[in-house]
Amino acid sequence: MLTRDGSGRAVFGAISIAEALARSGVETPAYVYDLAGMADEARRLRAGFDGAAHLVAYAVKANTAGPVVRALAAAGCGAEVGSRAELEVALGCGIDPERILFSGVGKTVAEIDAAIAAGTRGIAALHVDAVEEVARLAARARALGRRARVCLRINPDIAADTHAHIATGHEEAKFGVALSELAAAYAEIDRHDELELVGLSGHIGSQLVRTDEYLAGAAKLFDAAREREAASGRRLALLDPGGGFGIDYGTGCAAAPADFARGAVHLAREHGFGDRMLVVEPGRALVGAHGVLCASVIAPKRSAGRRFLVVDAGMNDLLRPALYGARHRVEPLDRAVDAASPAWTVVGPVCESSDDFGAHVLCEPLPDRVIVRDAGAYGYTMASHYNGRGLPAEVFVHADGSVTASVAADARSWIQSRLAT
Ligand code: LLP
């Protein structure tokens, strides 16, 4: 949880973010993460299940860093992965394959094989995303001599009130199987002995700030599960309405992660599914608020009556503002915001007008360094080398106050890779 100490310094747990940067020795731009804050978030969410059997499958795509995944695993999370690399990170962090789910609209043969071959009987389930995918999954299970467990991902046709790029549960979206095609999908799965249908899954979209749409999707999923069980006489062990729980980027978020869990448990019980494994797949809600992107101020720039503050982090480091028009609060690193000071448009060095973090009130005199808040989810994982820039460093504040860091792909290694080809 980000707080400010008596001198106005931004603090994670017991240490200031400036101290974490100093101890790690990395330069800006750098992400700094509060691992204890993330683990607490997972524990609070898990408490919302009210004793019901559940699996919080952390959506690794939100933040793939080993210390983050390990901290969440230690707090009782499994993983939802969307690629072979994410699967390997989850397994490498010690997550039991029995607690891993694999989603994706385009799983390659190598990805399917890795999921089916993991552990003694493969991962908990691959989410079938299309009728056409069933035969491909069955063929790989046959080739590997294993029976693969699958969930059918339903598309409940719910238009979530979120950015169009991250709404996934309406019928025009590429994800999941339409309700009208479920019967065909069941028939196709049942035709293949190599596959075992263990549950239904869904995911209507991301950054949901209310529970109603999520629960409407969950209700359709539970209805579908009831029909399937009645028609097949077979029990579905996993019911997974997905992730998407929103966070407060500064304009509010009415629903806490545990509210989604509580609502889903209530609905599951109403449908007679109180004894099933209820799965949720949150990414952002576990990690988003517990990471900041730190940047150094390069220079102020005044132009045509406008005030720009040019910093050394850009859209390559944090793409969300450029891609979704997302607003992340920018604040001084070492001083509290001074509400009486003028607003500056904080921009990065990248050669695009969208490389713009928006107008923010900071302080006077201007700070040397700033933090971009709520950057723990979909920050580093969407970073790129655009403009030949290195990937940002990452600094981890551990629960015991220790600090570790990783500098995965700096500008020098990028230059070498360009010259070597
Ligand atoms: N499950 C599935 C199948 C997903 O596709 C996703 C996210 C999640 C779970 C986790 O969603 P979350 O709880 O984090 O909302 N880059 C965008 C978000 C894209 C989300 C993609 N899928 C952003 O920065 O807002």
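Shown above is the structure to which this text applies.
Residues numbered from 1 in each chain as written. Predicted model: local features only at pLDDT ≥ 70, side-chain atom pairs only at ≥ 80, totals over all residues. Heavy atoms only, no water.

Colleague: Give me the lowdown on the nonpolar core, citing residues and values where you can.
Modeller: Of all hydrophobic cores here, the largest spans 103 residues; its most connected members are Tyr 58, Val 68, Leu 72, Leu 152, Phe 222, Leu 286 and Val 287. It is helix H8 (residues 212–232) that provides the largest number of residues to this core, a total of 8 residues. Leu 286 has contacts with Met 38, Glu 41, Ala 42, Leu 45, Val 56, Tyr 58, Leu 72 and Cys 77, leaving out every residue within four places of it along the chain. Core analysis: the second largest hydrophobic core is formed by 19 residues, Ile 17, Leu 21, Cys 294 and Leu 333 among them. (Core = buried A, V, L, I, M, F, W, Y, C linked by side-chain atoms within 4.5 Å. Buried < 20%, exposed > 50% of the residue type's maximum accessible area, 1.4 Å probe, protein only. Helix = DSSP H or I, 4+ residues; strand = E, 2+ residues; numbered from the N terminus. Contact = heavy atoms within 4.5 Å.)

Colleague: Any chance you could break down a negative patch on the surface for me, citing the residues and the numbers?
Modeller: A grouping of Glu 132, Asp 157, Glu 171, Glu 172 and Glu 181 is seen on the molecular surface, where their side chains present a negatively charged patch. Tracing the chain through its elements places Glu 172 in the loop between strand S9 (148–155) and strand S10 (177–178). Residue class for Glu 172 comes out exposed when judged on its relative accessible area of 70%. (Patch = residues over 30% accessible without salt bridge, like charges linked within 9 Å, V, L, I, M, F, W, Y side chains within 5 Å. Areas by Shrake-Rupley, 256 points an atom, 1.4 Å probe, with all protein chains shown as cover. Salt bridge = Lys/Arg side-chain N within 4 Å of Asp/Glu carboxyl O. Lys, Arg positive; Asp, Glu negative; His and termini not counted. Charge placed at Lys NZ, Arg CZ, Asp CG, Glu CD.)

Colleague: Give me the lowdown on empty space enclosed by the protein, citing residues and values where you can.
Modeller: Following the criterion strictly, the structure yields 2 cavities of 30 Å³ or more and no others. Its volume calculated, the largest cavity comes out at about 40 Å³. At 3 residues, the largest contribution of residues to the lining of the largest cavity is made by helix H9 (residues 257–270). Class assignment for the residues of the lining of the largest cavity results in 6 nonpolar, 1 polar and 2 charged. Reported here for the second largest cavity is a volume of approximately 30 Å³. Together, Ile 154, Pro 156, Gly 202, His 203, Ile 204, Gly 217, Ala 218, Leu 221 and Pro 241 line the second largest cavity. Looking at the lining of the second largest cavity residue by residue, the class counts come to 6 nonpolar, 3 polar and no charged. (1 Å grid on protein atoms, 1.4 Å probe; cavity = no way out; pocket = protein on both sides within 12 Å on 5 of 7 lines; lining within 4 Å. Points joined across faces, edges and corners; volume = space filled by probe spheres on them. Nonpolar A, V, L, I, M, F, W, Y, C, P; charged D, E, K, R; others polar.)

Structural measurements only, silent on function.
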